[in-house]
Amino acid sequence: MELMTRQETWNITYKHALGETASWFYAQVRDNAKIFGRRCAASGRVLVPPRSFSDQTLQPTTEWVEVGPGGRIETFTIVYEEFQNLPPPPYAFGYVLLDGADTALGGYFKGVDLKDSAKAAERLKIGTRIVTKFAEKRTGDVLDFWYEIA
Amino acid sequence: MSNDRVGIIGIGQSAFQARRDDASYPDLVREAVVLAMNDAALEFDDIEAVVYSLSPDAMVGIGNAERLGVDAVGARNKRFLRINTGGATGISSVAAAYYHIASGACDVVLTAGADKVGECGDSQTVLNKIWDPTYERQLPLGTINMLGMSAIRYMHAYGLTEEDMALVTVKNRRQAALNPNAHLRRIVTVDDVLASRCIAWPIKLLDSCPQSSGGGAMVLASERFIKERKLEAVWITGLAHCSESYWLGDRMGKNPAADHADAFALGRSFQRAYKMAGITNPYEQVHVAELYAPFSNTEYHAIDAAGFCKPGESIGMLREGQFELGGKLPVNPSGGTLCTNAIAVTAMIRVAEIALQVWGRAGAHQAKGARVGIASGNGGDHQFFGTMVIEA
Amino acid sequence: MAYKIQPGVIGCAIRPAIAAQDRSLEEIIYDTTQQALDDAGLTIEDIDGIIVGSNDQLDGRAISVMMASGPVGGVDRDILSTPSGSEHAFILGALRVATGQFQTQLVVSWSPTEASSIGEAERLGADPYFHRALPLDELSAHALQATALEQRVPGVREVAASVLAKNRRHGALAYPDPPLHPKPGPARWPLAAGTTTSPVTGCVAMVLATADFIAERGLVDVAWIRGMGWATEPSFLGDRDLSTAPALAAAAQQAYKEAGITDPMMQLDVAEVTDATPYAELLAYEALGLCGREDWAARVGDGTFALGGRLPVNLSGGVQTFNPVFCTGLIRVAEIANQVRGHAGAHQHRNTRNGLAQAGSGFAMQYQAAIVFGREREKRA
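Residues numbered from 1 in each chain as written. Chains lettered and ligands numbered in written order. Predicted model: local features only at pLDDT ≥ 70, side-chain atom pairs only at ≥ 80, totals over all residues. Heavy atoms only, no water.

**Q** Any chance you could explain unusual backbone geometry here in plain terms?
**A** Most peptide bonds take the trans configuration, and most residues that are not glycine carry a negative phi. With omega at 0°, the peptide bond leading from A:Pro89 into A:Pro90 counts as cis. For the peptide bond that leads from B:Trp201 to B:Pro202, omega is 5°, which places it in the cis range. Considering the arrangement of structural elements, one finds B:Pro202 in the loop between β5 (198-201) and β6 (203-204). With phi around 50°, A:Ala33 is a residue other than glycine that occupies positive phi space. Mapped onto the elements of the fold, A:Ala33 is located in the loop between α1 (19-32) and β1 (35-40). Phi is positive for B:Asn332, which is not a glycine, with a value near 55°. In this structure, B:Asn332 sits in the loop between α12 (313-319) and α13 (336-339). (Helix = DSSP H or I, 4+ residues; strand = E, 2+ residues; numbered from the N terminus.)

Dropping the structure here:
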């Protein structure tokens, strides 16, 4: 019995409106190498990445607050496996609580030797202080910045 | 007790495996549906409505693939809708079927679905696209590394070790070996797990669920119908859903409402389901559990969230053997999600397996004397949680 | 009605055409949700559960409910998602209220236009086994259905043109200052250019509640659900007689039975149908028991279904006026709920006691739903 298969690829491009809040955030990243969060008036929490409303209180956020560039690691992972359309391994990324923020922002961790996973995990352990680094040429994207051990 | 409970009267599931080149996607749905209908001993004319269980379309490669499944579930000219809550889809579908009946709208409802994750090419590529393009799509997020990050926080908070994680795999594989429907059934040792290749630290290959293909189906009915037809059934006595914030970074930092180490909303969901079912002391009153845990570390916070112990205590209790078949409270006697993960129906299989358990029909992986069981499903970025209490 | 508890609609926010580009999709959903809650006089704390309806391929997100869960108040709440259709979100929400286990439900649906090609996104819905290689998007499916009807009903093209004109007139009255002017849809034989309307971004939200909750809060202006029906056609277009709509007939039968409707023309005051094309509207007249095909020409000709007629259909202007593809079904439901509540604004039909909403979606209206609303609450024994 001959069993056949068909190959199909999904190929649609999207142009997602970022809205004013995210657009302003990225403009700051691109033009000033700064990161900002938004404060939710109802709870007082500084939300990073910034949004125009808090999903906890459903209230609008009210003011911009500069955060970082220092921060502490909240969690991380080190990827050793290759996945289609994702970067070649190994790489480390995770979430950082930037100084002044109440929530953590995702980004790559660079400059850590990842060959020995146990040693790397110790280097990246929760609570480790980091500093945010910015690319020379920035386009207004999350990949314009990353974290390095302080 | 009034005459208006909702019961499960038929169950069907494939023998899951990596690829099913012999069957198209609708064929797999049909396979499970036929098994469930035979189990319930009903004709298709008895079915008044169908709830279709299907998570990301991209996994199956067909937009709104449920439309293709209409004939497979015999829904022509019948009530039909589809549910998608990511990995929780299967249990959410059973819940939706429950609401069709508990509302008084229908007496008999079929819920079914299938997945062909193994055919997808790369499920992590698809699962990267669940993150929003605004801030996180650019990061190499996937469900594996997302839950790796949860392991990091659980290690930090409760002292979890890689060996503790391996013990979960060892337990579940031993149980899957007794379950003819499970995908991964090979027994492994702690050393095997620790030596397996690292995917996203600390998650290794043998800490991870497989990409499975197969179908699942269940038939639910009103108590009135069950009594009229003199059918056998087990009963859904409690159910709930609860969600966390989509933002992973909000589950850390200063005073998070929910920590990414734990499964806060799963706990809330269980609390609501238990309240409905009148369960006040889960550790004593629940006999068996199928908790959605696609990676070994996640079984621990699922056990915590089920209210069996304080957060972190599950580690010691698992070491003591409390959660294995033969122990006080078997968790994932089927092998669980860790051994079989056909995403669109995985959470339905949790419900199906618990139904079989409290029905006394679980064969070699039967938890002896189980009459009260719980099931859970997780979806999104560890965001949506469905829970159910099933009783004999 | 068979249901344990009769649900009522207490709030709606209908945004069938959003022109502004300054809000992200999540923010649009947030705005619309807030609007519906305001309309109901509630806050998110009053909401027990949420159902959303959205399409992953249109949204460009593999599990569209994830990011969208925040703006609809999903955190620490019970939220489910029905990607099969926006009207299905309403149905499931209503069923949940009818169980008595939920006092309220919020139902939200949206349809963005961020995909490079909506037609391409729709084509992915064709099965890869036999049909993917064909240019089968929804417009093609509508065209095939129009062809089937033209072969069965002589002169239907002219009648369809009148229906189209009627809805455009209604749309101009309902939106004298429209938020945007959608482009006419392209030609796809036998559909002439402009027989459909190009997609726009839209969002809609509704709030449902139990009678107890409504009484407790002293809420007025309620649209009570008298009957709901929903059904689906088979999977392959080739298995269907596209000149008929049996799934809609089945759905209508379910809804009418629950609502006690035996003579829809007499017992209904106003209706909204999903007129993706005017042919779809004609088929809906028939399947809903309003007017068989032998009478289409006459009834359309004498204005029975126009403003001022016996049973005005699509006073909102319908899909011909604004086409937010995925949420057009829920918009029909919200429009009729608003008519019955007396909240339909510029296109309010006077003395509306009972209304009917028909929602169709998928290739050539594969999914069909019919909902009957009434101003009077059912008396229970």
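**Q** Can you help me understand empty space enclosed by the protein in this one?
**A** The probe, sized like a water molecule, is rolled over the atoms to show the empty space still left. All chains considered together, the criterion is met by 7 cavities of 30 Å³ or more. Volume-wise, the largest cavity comes out at about 200 Å³. In terms of lining residues, the largest cavity is bounded by 18 residues, among which A:Arg51, A:Phe53, B:Trp247, C:Glu26 and C:Met67 are the most central. Partitioning the lining of the largest cavity into residue classes produces 9 nonpolar, 5 polar and 4 charged. Roughly 140 Å³ of internal volume is contained in the second largest cavity. Lining the second largest cavity we find 14 residues, and of these C:Gly125, C:Asp127, C:Ser235, C:Phe236 and C:Phe363 sit closest to its centre. Partitioned by chemical class, the residues of the lining of the second largest cavity number 7 nonpolar, 4 polar and 3 charged. (1 Å grid on protein atoms, 1.4 Å probe; cavity = no way out; pocket = protein on both sides within 12 Å on 5 of 7 lines; lining within 4 Å. Points joined across faces, edges and corners; volume = space filled by probe spheres on them. Nonpolar A, V, L, I, M, F, W, Y, C, P; charged D, E, K, R; others polar.)

**Q** Could you clarify how one ought to interpret the nonpolar core in this entry?
**A** General note: in soluble globular proteins, nonpolar side chains tend to be found buried as a group. Grouped together as the largest cluster of nonpolar side chains are 141 residues, with contacts concentrated most on B:Phe308 and B:Ile374. Not counting residues up to four positions away in its chain, the partners in contact with B:Phe308 are B:Tyr274, B:Pro282, B:Tyr283, B:Val286, B:Ala289, B:Ile303, B:Met317, B:Phe323, B:Leu329, B:Val331 and B:Ile374. (Core = buried A, V, L, I, M, F, W, Y, C linked by side-chain atoms within 4.5 Å. Buried < 20%, exposed > 50% of the residue type's maximum accessible area, 1.4 Å probe, protein only. Contact = heavy atoms within 4.5 Å.)

**Q** Whenever I open this one, the sheet that holds strand β3 (residues 61-67) of chain A confuses me. Can you help?
**A** Strands in a sheet are paired, the pairing made by backbone hydrogen bonds, and the direction either parallel or antiparallel. Residues and elements named next belong to chain A. Here we have 3 strands laid out as an open sheet, ordered β2-β1-β3, and antiparallel in their pairing. Only two strands of the sheet have a single partner each, and these edge strands are β2 (46-47) and β3. Looking at chain direction, β1 and β3 are connected through 6 bridges and run antiparallel. Of the residues in β3, the one forming a bridge with arginine 38 is tryptophan 64. (Pairing = 2+ DSSP bridges.)

**Q** Explain the interface of chain A and chain C to me, please; I cannot follow it from the model alone.
**A** By a widespread convention, an interface's size corresponds to the accessible area lost as its parts come together. Listed per partner, the contact involves 21 residues of chain A and 29 residues of chain C. Roughly 2000 Å² is buried in total at the junction of chain A and chain C, and carbon and sulfur atoms are behind 57% of that figure. For the interface between chain A and chain C, the tally reads 0 salt bridges. The interface formed by chain A and chain C holds 8 residue pairs in polar contact (both at pLDDT 80 or more) in total. Along the lines of polarity and charge, the residues of the side of chain A that touches chain C split into 8 nonpolar, 8 polar and 5 charged. (Buried area = accessible area lost by both parts, 1.4 Å probe. Salt bridge = Lys/Arg side-chain N within 4 Å of Asp/Glu carboxyl O. Polar contact = N/O pair within 3.5 Å; in protein donor to acceptor, adjacent residues only side chain to side chain.)

**Q** Would you mind going over the layout of surface pockets with me for this structure?
**A** Here the largest pocket defines a volume of roughly 1700 Å³. Around the largest pocket sit 50 residues that line it, and A:Glu8, A:Trp10, B:Val60, B:Gly61 and B:Glu119 are the ones nearest its centre. Broken down by secondary-structure element, the contributors of at least two residues to the lining of the largest pocket are α1 (25-40), α2 (57-60) and α4 (123-128) of chain B together with α2 (56-59) of chain C. Partitioned by chemical class, the residues of the lining of the largest pocket number 19 nonpolar, 15 polar and 16 charged.

**Q** Can you help me understand the packing of aromatic side chains in this one?
**A** As enumerated under the stated definition, the model contains 27 aromatic pairs over all chains in all. Ring centres 5.5 Å apart and planes at 20° place the aromatic pair B:Phe270 and B:Tyr274 in the stacked group. With B:Phe270 and B:Tyr274 both in helix α9 (residues 264-277) and 4 residues apart, this pair spans about one turn of that helix. With respect to class, B:Phe270 is no different from B:Tyr274; both count as buried. Among the aromatic residues, those joined into a cluster by ring pairs are A:Phe25, A:Tyr26, B:Tyr135, B:Tyr246 and B:Trp247. Residue placement shows B:Arg5 over the ring face of B:Trp235; its charged tip is 4.1 Å from the ring centre. (Phe/Tyr/Trp six-rings, centres within 6.5 Å; stacked < 30°, edge-to-face > 60°. Lys NZ or Arg CZ within 6 Å of the ring centre and 35° of its normal.)

**Q** I tried to follow the interface of chain B and chain C on my own but got confused; where do I start?
**A** Taken together, the 60 residues of chain B in the interface contact 62 residues of chain C. A buried area of about 4800 Å², summed over both sides, lies between chain B and chain C, and 55% of it is on carbon and sulfur atoms. When the buried area of chain B at its contact with chain C is split by residue, B:Arg67, B:Arg79 and B:Tyr99 rank highest and sum to 16% of it. Our enumeration of links across chain B and chain C arrives at 6 salt bridges. In this structure, B:Arg268 engages C:Asp76 in a salt bridge whose closest nitrogen and oxygen atoms are separated by 2.5 Å. Of all elements in the fold, only α1, β3 (79-83), α3 (89-102), β8 (234-243) and α9 of chain B reach the threshold of two or more residues within the side of chain B that touches chain C. In terms of residues, the side of chain B that touches chain C owes the most to one element, α3(B), which gives 6 residues. In terms of residue class, the side of chain B that touches chain C is made up of 26 nonpolar, 18 polar and 16 charged.

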